[in-house]
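Structure assessment
So you can see what is in the structure, the chains are spelled out below.
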Amino acid sequence: MTTPTTPRTVLVTGGNRGIGYAIAAEFVAQGHRVAVTARSGKGPEGTLTVIADVTDSASIDAAFSEVENELGPVEVVVANAGITKDTLLLRMSEDDFTSVVDTNLTGSFRVVKRASKGMLKARFGRIVLISSVVGLYGSPGQVNYSASKSALVGFARSITRELGARGITANIVAPGFIETDMTAELPEEQQAEYKKSIPAGRYGSAAEVAKAVAWLASDDAAYISGAVIPVDGGLGMGH
Ligand SMILES: NC(=O)c1ccc[n+]([C@@H]2O[C@H](COP(=O)([O-])OP(=O)(O)OC[C@H]3O[C@@H](n4cnc5c(N)ncnc54)[C@H](OP(=O)(O)O)[C@@H]3O)[C@@H](O)[C@H]2O)c1
C-alpha cells in the first residue's frame, strides 16, 4: 500500500503550461507546497507563481529566494522548462544548437545548482529532470534537442554519486509523445506516423508524466537515484 508522503516545498520550472503545469497540479493534489516558475502566465490553482527565465542565473536566484521566503527551503525541484528548434543537421545553425542546449541542459544546471544549496543544508532533496525518449532513442531533425536531453542522464548520475550520501536523489523522467503545445506543432500526418510506432498506440497525457514525477519525489522512492524512468507507452524500450 502507498503511504501518504511527507508534505514538501516543491519548485517546478515552466509550470505555466504543458507538462510542467500538470506536474505542479499533481503536487498540489498530493498536499505539497508548490511554486512554479513562469516567463508569462501562471501555474495551476494553489501554486505560487514566480517569474524566472532558466537562461538567466540571476532570475533563477531571485525566484528561489522568493519561494524560500514564501514557502520555505525548496526540497523538491523539477527541471521541466524546455524548448525545441528542430531542423536537419546541415541546416542547423550554431545558434539553433546552443540555444536549445542553453535552455534544456544549462538551464537545468542553473536551477539544480541553486536548489542544491538548501538541499545540502537540509540533508534532503529530490531532483527530477525532465528529459525525453528522444534523448536515448535519437530523432532526425533533433540533434540539438536529443543531445541536450541525453546529457541530463550523465548529469543526474553524477549528482547521484556526488550528493547521494546526503539524502539527495536525482532522477530522470523521459516522456515519449505527450499531448501538449510542443507536439501539437507537428504536422498531422507525422503525428499519425509516430502513433504507429508507439506500442501503446496513443500519445500520453501530461497527467501521466506528472504521476511518475510525483512518485519519484515521494517517501516511497527514497532509494531510487540515477534512474531513467520512461513514460512513453513503450516507444523507447531497450535503450
Ligand atoms: N510534449 C512532449 O511530447 C514531450 C516529450 C518529451 C519531453 N518533453 C519535455 O517536457 C518538458 C515540458 O514540455 P511541454 O511539452 O510541456 O512543452 P511546452 O508546452 O512547450 O512548455 C514548455 C515550458 O517551458 C517553459 N520555458 C521554455 N523556455 C524557458 C526559459 N528559457 N525559461 C523559463 N521557462 C522556459 C515554457 O515557458 P513559456 O510559456 O514562458 O514559453 C513552458 O512553460 C520539456 O523539457 C520537454 O522537452 C516533452
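Read on for an overview of the structure. (Residues numbered from 1 in each chain as written. Predicted model: local features only at pLDDT ≥ 70, side-chain atom pairs only at ≥ 80, totals over all residues. Heavy atoms only, no water.)

**What to know about the side chain of threonine 13**
If you trace the backbone, threonine 13 turns up in the loop between strand S1 (9-12) and helix H1 (18-29). Side-chain polar atoms of threonine 13 contact the backbone nitrogen of asparagine 80, separated by 2.8 Å. At 3.0 Å, the side chain of threonine 13 forms a polar contact with the backbone nitrogen of alanine 81. Filtering out sequence-adjacent residues up to four positions away, threonine 13 remains in contact with Thr37, Val54, Val78, Ala79, Asn80, Ala81 and Val111. (Helix = DSSP H or I, 4+ residues; strand = E, 2+ residues; numbered from the N terminus. Polar contact = N/O pair within 3.5 Å; in protein donor to acceptor, adjacent residues only side chain to side chain. Contact = heavy atoms within 4.5 Å.)

**Some details on the side chain of serine 108**
By the element assignment, serine 108 lies in helix H3 (residues 94-122). Within the structure, the side chain of serine 108 is placed 2.7 Å from the backbone oxygen of asparagine 104, a separation counted as a polar contact. If we skip the residues at most four places from it in the chain, serine 108 touches Ala79, Thr103, Leu129, Leu152 and Phe155.

**Considerations on the site of the ligand**
Around the ligand sit 29 residues, and of these Asn16, Arg17, Asn80, Tyr145 and Thr180 come closest. One nitrogen or oxygen atom from the side chain of arginine 39 is found 2.7 Å from an oxygen atom belonging to the ligand. Between the ligand and tyrosine 145 there is a distance of 2.5 Å, counted from an oxygen atom to a side-chain nitrogen or oxygen. Contact with the protein chains covers 94% of the free accessible surface of the ligand, which is 890 Å². Listed by contribution, the elements that provide at least two residues to the shell around the ligand are H1, helix H5 (143-163) and helix H6 (181-184). Grouping the amino acids of the shell around the ligand by side-chain chemistry returns 11 nonpolar, 13 polar and 5 charged. (Near = heavy atom within 4 Å. Areas by Shrake-Rupley, 256 points an atom, 1.4 Å probe, with all protein chains shown as cover. Nonpolar A, V, L, I, M, F, W, Y, C, P; charged D, E, K, R; others polar.)

**Let's talk about the nonpolar core**
If you look at soluble globular proteins, the nonpolar side chains tend to sit buried side by side. In this structure, Phe64, Val77, Ile127, Leu129 and Ile159 are the most contacted members of the largest nonpolar core, which totals 28 residues. At the level of secondary structure, the elements contributing two or more residues to this core comprise helix H2 (57-71), strand S4 (76-79), H3, strand S5 (125-130), H5 and strand S6 (168-175). Of all the elements, H5 adds the most residues to this core, at 6 residues. Counting 24 residues, the second-largest nonpolar core is a separate cluster that includes Val10, Val128, Ala217 and Val231. (Core = buried A, V, L, I, M, F, W, Y, C linked by side-chain atoms within 4.5 Å. Buried < 20%, exposed > 50% of the residue type's maximum accessible area, 1.4 Å probe, protein only.)

**Remarks on the pattern of salt bridges**
Within the structure shown, the criterion is met by 10 salt bridges. Taking the shortest distance from any N to any O, the salt bridge between arginine 8 and glutamate 75 comes out at 3.4 Å. Within this pair, whereas arginine 8 is found in the segment before S1, its partner glutamate 75 is found in the loop between H2 and S4, the two being separated by 67 residues in sequence. By the burial criterion, arginine 8 is buried, and glutamate 75 matches it. (Salt bridge = Lys/Arg side-chain N within 4 Å of Asp/Glu carboxyl O.)

**Side note on the packing of H1 against helix H8 (residues 206-216)**
Packing of H1 against H8 leaves a shortest axis separation of 8 Å and a crossing angle of 55°. Relative to H8, the element H1 is oriented oblique. The way H1 lies across H8 gives a crossing that is right-handed. Contacts from Gly18, Ile19, Ala22, Ile23, Glu26 and Phe27 in H1 reach Ala206, Ala207, Val209, Ala210, Lys211, Val213 and Ala214 in H8. Classifying every residue of the contact of H1 with H8 by side-chain character gives 10 nonpolar, 1 polar and 2 charged. (Axes fitted to C-alpha atoms, helices over the stretch in contact; angles between N-to-C directions. Parallel < 35°, antiparallel > 145°, perpendicular 65-115°, else oblique. Left-handed = near helix turned anticlockwise from the far one by under 90°.)

**Examining the packing of aromatic side chains**
Going through the model one piece at a time under the given rule, you end up with 2 aromatic pairs. For the ring pair phenylalanine 177 and tyrosine 194, a centre distance of 4.4 Å and an interplane angle of 20° mean the geometry is stacked. Residue phenylalanine 177 is found in the loop between S6 and H6, and its partner tyrosine 194 is found in helix H7 (residues 188-197); the two are separated by 17 residues along the sequence. Take phenylalanine 177: its relative accessible area is 16%, and that puts it in the buried class. Measuring from centroid to centroid gives 5.6 Å for phenylalanine 177 and tyrosine 203, while their planes differ by 20°, and the two rings are stacked. On the criterion of sequence distance, the pair formed by phenylalanine 177 in the loop between S6 and H6 and tyrosine 203 in the loop between H7 and H8 is long-range, its members being 26 residues apart. We classify tyrosine 203 as buried; its relative accessible area is 5%. An aromatic cluster is present here, built from Phe177, Tyr194 and Tyr203 joined pairwise through their rings. One Lys or Arg, arginine 8, reaches over the ring of phenylalanine 124 and ends 3.7 Å from the middle of that ring. Taking NZ or CZ as reference, lysine 195 lies 4.8 Å from the ring centre of tyrosine 203, over its face. (Phe/Tyr/Trp six-rings, centres within 6.5 Å; stacked < 30°, edge-to-face > 60°. Lys NZ or Arg CZ within 6 Å of the ring centre and 35° of its normal.)

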